[in-house]
Amino acid sequence: MYHQRKAILSLIFTLQYFRIIRTLQLTEIVVPDVVDVRDTPTLSCSYDMGTHTLNSVKWYKDESEFFRYSPMLEPNVRTFPVDGVSVVRDSPEHYCNRFMCSIQLQRLNIKSSGTYRCEVSGDAPEFKLAHGVYNMTVAVLPQYDPIINGLQHNYALGDFVVANCSSDMSSPPARLYWFINDRIVPSDYLQPQQETTIESDGFILRYRTLELRFHIDEARLGKIKGKLMLKCLARIDAFPQGTRETTQVVYIPMTDELRNQKLINWRNGAQSLHHRSHPHSKQHLKYVALLILSLLAIISLSL
Ligand SMILES: *[C@@H]1O[C@H](CO)[C@@H](O)[C@H](O)[C@H]1NC(C)=O
Ligand SMILES: *[C@@H]1O[C@H](CO)[C@@H](O)[C@H](O)[C@H]1NC(C)=O
């Protein structure tokens, strides 16, 4: 059984091996999905000529040819004007030969987004063709981490916290998320998101602000060990590698410290703040109870 399977596998490998040396085929095409408008991306195409000789490699954007490498002609590289496409000449990234052809683009703009195609052709008489297609989107990615505003350094248990997080402008826009101690906050902690739109060089740039509001409450946040880590994360769905975040720590005195503090405050302010402090009304109740008990005792004695 084992030997049989092995024989079948090696037969498949042999067939594949002959197929590869016979046909011209594209082995890899690299076109970034999303690039920043300030980038100079490299596009590359690798091929296996099989038994053919390379005639030309052509790069197209949206069906318009902008670059041609023809090793048998002089000059062997030609470029053609296409909107939004500018190939860097004399770039170390620019390198074409029998196995691969890589080019570098510069001065991107909104028109550089589109479908890029690499087409490889063999020599006469067959002029065999192989091609690969990829879409590239030019974005304006955020250059800065999100900014957190409005937080104080210290809070006490029960305090109300309000803070804003604002993303850098980008296209497509970033989604904002708040985390407390690395746990995403419940939606009732959030205000509706604000958005501002700016148009620049054909790009619709947006920045967003998300306001966080919550009570420092151990019942909801869990045991607070002296501090809370508040993190704001800005994520672009189409470009998760470009996720940016900012964390700010706020300090909250330990529960015991706070209790002691309250006790001290109560003792010091006992005389002047009678009506405010809860323990006093309890004491009043005690006096009233004692009074009633004494009255009852007197009544039962006199009977
Ligand atoms: C590329 O974009 C075009 C037009 O937006 C779309 O029709 C096509 O399916 C995309 N191709 C790939 C490979 O994503
Ligand atoms: C947060 O931003 C909104 C508007 O974007 C503003 O009305 C609010 O006062 C800000 N809050 C803080 C705490 O900065």
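Residues numbered from 1 in each chain as written. Chains lettered and ligands numbered in written order. Predicted model: local features only at pLDDT ≥ 70, side-chain atom pairs only at ≥ 80, totals over all residues.

Going by the annotation in an unreviewed UniProt entry, the name recorded for the chain is Ig-like domain-containing protein, with Aedes aegypti given as the source organism.

Peer 1: What am I meant to see in the overall build of the chain here?
Peer 2: Check the secondary structure of the chain and you find four helices and 18 strands. Long-range pairs, those at least 24 residues apart, make up 62% of the contacts in the chain with a sequence separation of at least 6. (Helix = DSSP H or I, 4+ residues; strand = E, 2+ residues; numbered from the N terminus. Contact = placed C-beta atoms within 7 Å.)

Peer 1: Would you mind showing me how to read the site of ligand 2 here?
Peer 2: In the vicinity of ligand 2, the contacting residues are Asn-149, Gly-150, Val-162, Ala-163, Asn-164, Gln-194, Thr-209 and Glu-211. Within the residue set of the shell around ligand 2, elements represented by two or more residues are strand E12 (160–166) and strand E16 (203–215). Tallying contributions element by element places E12 first for the shell around ligand 2, with three residues. Of the residues belonging to the shell around ligand 2, the class tally is two nonpolar, five polar and one charged. (Near = placed C-beta within 6 Å. Nonpolar A, V, L, I, M, F, W, Y, C, P; charged D, E, K, R; others polar.)

Peer 1: Which parts of the structure should I look at to understand the sheet that holds strand E1 (residues 25–30)?
Peer 2: Sheet strands associate in pairs through backbone hydrogen bonding, adopting either a parallel or an antiparallel arrangement. One open sheet accounts for four strands, arranged E1-E3-E8-E7; its pairing is antiparallel. Of all strands in the sheet, those bounded by a partner on one side alone are E1 and strand E7 (95–96). Here E1 runs beside strand E3 (residues 42–48); their pairing, made up of five bridges, is antiparallel. Bridge pairing links Leu-26 to Tyr-47 in E3. (Pairing = 2+ DSSP bridges.)

Peer 1: I would appreciate a short explanation of the nonpolar core in the present structure.
Peer 2: Looking at soluble globular proteins, one finds that nonpolar side chains tend to be buried together. Judged by nonpolar contacts, the single largest core of 40 residues is most densely connected at Val-57, Trp-59 and Val-120. What Val-57 contacts, discounting residues up to four positions off in sequence, is Cys-45, Tyr-69, Cys-96, Cys-101, Cys-118 and Val-120. (Core = buried A, V, L, I, M, F, W, Y, C linked by C-beta atoms within 7 Å. Buried ≥ 20, exposed ≤ 12 C-beta atoms within 10 Å, placed from the backbone.)

Peer 1: Would you take a moment to explain the sheet that holds strand E10 (residues 129–139) for this structure?
Peer 2: Taken together, the six strands give an open sheet; going across it, the order is E2-E10-E9-E4-E5-E6, and neighbouring strands pair in mixed fashion. The strands lining the two open edges of the sheet, one partner per strand, are strand E2 (34–36) and strand E6 (77–79). Pairs of neighbouring strands in the sheet enclose a mean axial angle of 25°, with direction left out of account. Note that E2 and E10 share three bridges and pair parallel. The residue bridging Asp-36 from the neighbouring strand is Ala-139, located in E10. (Axes fitted to C-alpha atoms, helices over the stretch in contact; angles between N-to-C directions.)

Peer 1: Even after reading the chapter, I still don't get the pairing of E3, so can you show me in this structure?
Peer 2: Across a regular strand the side chains alternate sides, sitting on one face of the sheet and then on the other. Alternating residues of E3 divide into Leu-43, Cys-45 and Tyr-47, all buried, and Thr-42, Ser-44, Ser-46 and Asp-48, none buried. Judged from the five bridges that link them, E3 and strand E8 (residues 100–104) form a sheet pairing that is antiparallel. Counterpart to Ser-44 in the pairing with E8 is Ser-102.

Peer 1: Explain the pairing of strand E9 (residues 114–122) to me, please; I cannot follow it from the model alone.
Peer 2: Direction of pairing for strand E4 (residues 54–61) relative to E9: antiparallel, over a ladder of seven bridges. Residue Tyr-60 lies in a different strand from E9, and its bridge partner there is Arg-117. Where E9 and E10 come together, eight bridges link them in antiparallel fashion. Within E10, the residue paired with Thr-115 across the bridge is Asn-135. Where E9 folds back on E10, the antiparallel hairpin that results is connected by six residues, among which Phe-127 adopts a positive phi of roughly 50°.

Peer 1: Hey, could you run me through the environment of Arg-38 in this one?
Peer 2: Positionally, Arg-38 belongs in the loop between E2 and E3. Put simply, Arg-38 and Val-138 are 100 residues apart on the chain and 9.3 Å apart in space, counted from C-alpha to C-alpha.

Peer 1: I'm lost on unusual backbone geometry in this one. Help?
Peer 2: Peptide bonds are trans in most cases, and residues, glycine excluded, mostly fall at negative phi. Cis rather than trans, the peptide bond between Glu-74 and Pro-75 has omega equal to -5°. Position of Pro-75 among the secondary structure elements: in the loop between strand E5 (64–69) and E6. Ser-171 connects to Pro-172 through a cis peptide bond whose omega is 0°. Looking at the secondary structure, you find Pro-172 in the loop between E12 and strand E13 (175–180). You will see that Arg-107, though not glycine, has its phi angle at about 45°, which is positive. Here Arg-107 lies in the loop between E8 and E9.

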